[in-house]
Amino acid sequence: MSHNCHEHYSSDKQSLFSELQSFITATLQQSLAERDKASMAVSGGSTPAPLYESLTDAPLDWSKVDITLTDERYVPADDADSNEAMLRRSLLKGAAAKSNFIPLMRTSESAEATAALSSAALEQMHLPMDLVILGMGNDMHTASLFPGAPELNAAMSPDQKALCMAVQPSSSPYPRLSMTLNTLLNCRAIVLLITGDEKRATLDRALKSESINEAPIAALLQQDSIPVHIFWSP
Ligand code: 6PG
C-alpha cells in the first residue's frame, strides 16, 4: 500500500463503523477548533447508512458543518434511489439536522442544468473540505466516476473547472450528478469505506492500476498530497 494510504482494518462491520465514527468526529472537532467551520462530502450507496446513523448525535456544533454528497442519482429527492433521501433518513436528523446540507439534486430541465446549479451551490462550501468519504464499486468507480462513461475524461481532467457534472454511466438507468475529480481532491483527507473480501480484492487491483480510465478511484488512492484512510472489514 502506498505510503500515503493508511489502512484501518476491523474484524467486523460494527467495530469498523464505530472506529470510523470516532475518526470523523475527531476530524470535524479539530477543524471547528482551528477554523470555526468544517465541511465534508459523503458518498451514497448501501454501505455507509449505519455509519451515518452513528454520527447523528456526535458532540459537534453541527450548525457550523457543511455537508454535501460526492454524487447523486438524477431522481427526485424522495425517490428510493436518492442519496439525499438516504442521507436525510440516516444522518440529517438529531443534532446533525442543524448542519448546512447542500444537495446535488435540483429541479431543472436537464441533468446538465442541474449540475450547473449544483456547481454554483457548492461554491458556498467551506473549502478545502475536511473530509471526503468515498465508497467504491467492484468496477472501481467512486462517486459517480464510472469506467467507460462518456463524460469520464472531462470529469477527471485537471483542467475541469466545474465542481459537479452530469454523467451517464452505461450501468445506470438514469443520469448521475458527480463531483469532479478536482473537487473530490479539494480536501484535507480522504476516507474510503469498503466492506467484504470482494471489494478488498478490487481495492488491491485499483492500488496497482495504471489506468484511471479503468480504475477511476486510483486517481484518489495513488496521489501523494492528500492522506487516504482506508477503513475496511470483511
Ligand atoms: C452511489 C455512491 C457510489 C457508491 C459505490 C458503492 O451513489 O452509489 O456514491 O459511489 O459509493 O457505488 O456503493 P455500495 O456501498 O452500495 O456498494
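See the structure above.
Residues numbered from 1 in each chain as written. Predicted model: local features only at pLDDT ≥ 70, side-chain atom pairs only at ≥ 80, totals over all residues. Heavy atoms only, no water.

*Asks:* Could you give an account of the overall build of the protein chain, naming the residues involved and the relevant values?
*Replies:* Counting secondary structure elements, the protein chain contains 8 helices and 10 strands. Seen through its principal axes, the protein chain has C-alpha atoms that stretch 40 × 40 × 30 Å. Here the protein chain holds 234 residues, and the buried ones make up 58% of them. Long-range contacts, defined as pairs at least 24 residues apart, comprise 75% of the intrachain contacts of the protein chain with a sequence gap of at least 6. Carbon and sulfur atoms make up 51% of the accessible area of the protein chain, which amounts to about 9,600 Å² in all. Side chains of the protein chain give 17 positive and 28 negative charges; the mean places of these two sets differ by 4 Å. (Helix = DSSP H or I, 4+ residues; strand = E, 2+ residues; numbered from the N terminus. Buried < 20%, exposed > 50% of the residue type's maximum accessible area, 1.4 Å probe, protein only. Contact = heavy atoms within 4.5 Å. Areas by Shrake-Rupley, 256 points an atom, 1.4 Å probe, with all protein chains shown as cover. Lys, Arg positive; Asp, Glu negative; His and termini not counted. Charge placed at Lys NZ, Arg CZ, Asp CG, Glu CD.)

*Asks:* Before we move on, could you go through the pattern of salt bridges and cite the residues and values that matter?
*Replies:* Going through the model one piece at a time under the given rule, you end up with 11 salt bridges. Between Lys-37 and Asp-66 there is a salt bridge, with the nearest N and O atoms lying 3.2 Å from each other. Taken together, the positions of Lys-37 in the loop between helix 1 (13-35) and strand 2 (38-42) and Asp-66 in strand 3 (residues 65-69) put the pair 29 residues apart, joining distant regions of the chain. For Lys-37, a relative accessible area of 26% translates into the label partly exposed. Via salt bridges that share partners, Glu-34, Arg-35, Asp-130 and Arg-188 belong to a single interconnected network. (Salt bridge = Lys/Arg side-chain N within 4 Å of Asp/Glu carboxyl O.)

*Asks:* Could you give me a rundown of the sheet that holds strand 7 (residues 164-167), with the residues and numbers involved?
*Replies:* One open sheet accounts for 3 strands, arranged 4-8-7; its pairing is antiparallel. This sheet does not close on itself; its edge strands, each paired only once, are strand 4 (71-73) and strand 7. Strand-to-strand twist across the sheet, computed as the mean angle between neighbouring axes with direction ignored, equals 20 degrees. Note: strand 7 against strand 8 (residues 176-179), 4 bridges, orientation antiparallel. Its bridge partner being in strand 8, Ala-166 is matched across the sheet by Leu-177. (Pairing = 2+ DSSP bridges. Axes fitted to C-alpha atoms, helices over the stretch in contact; angles between N-to-C directions.)

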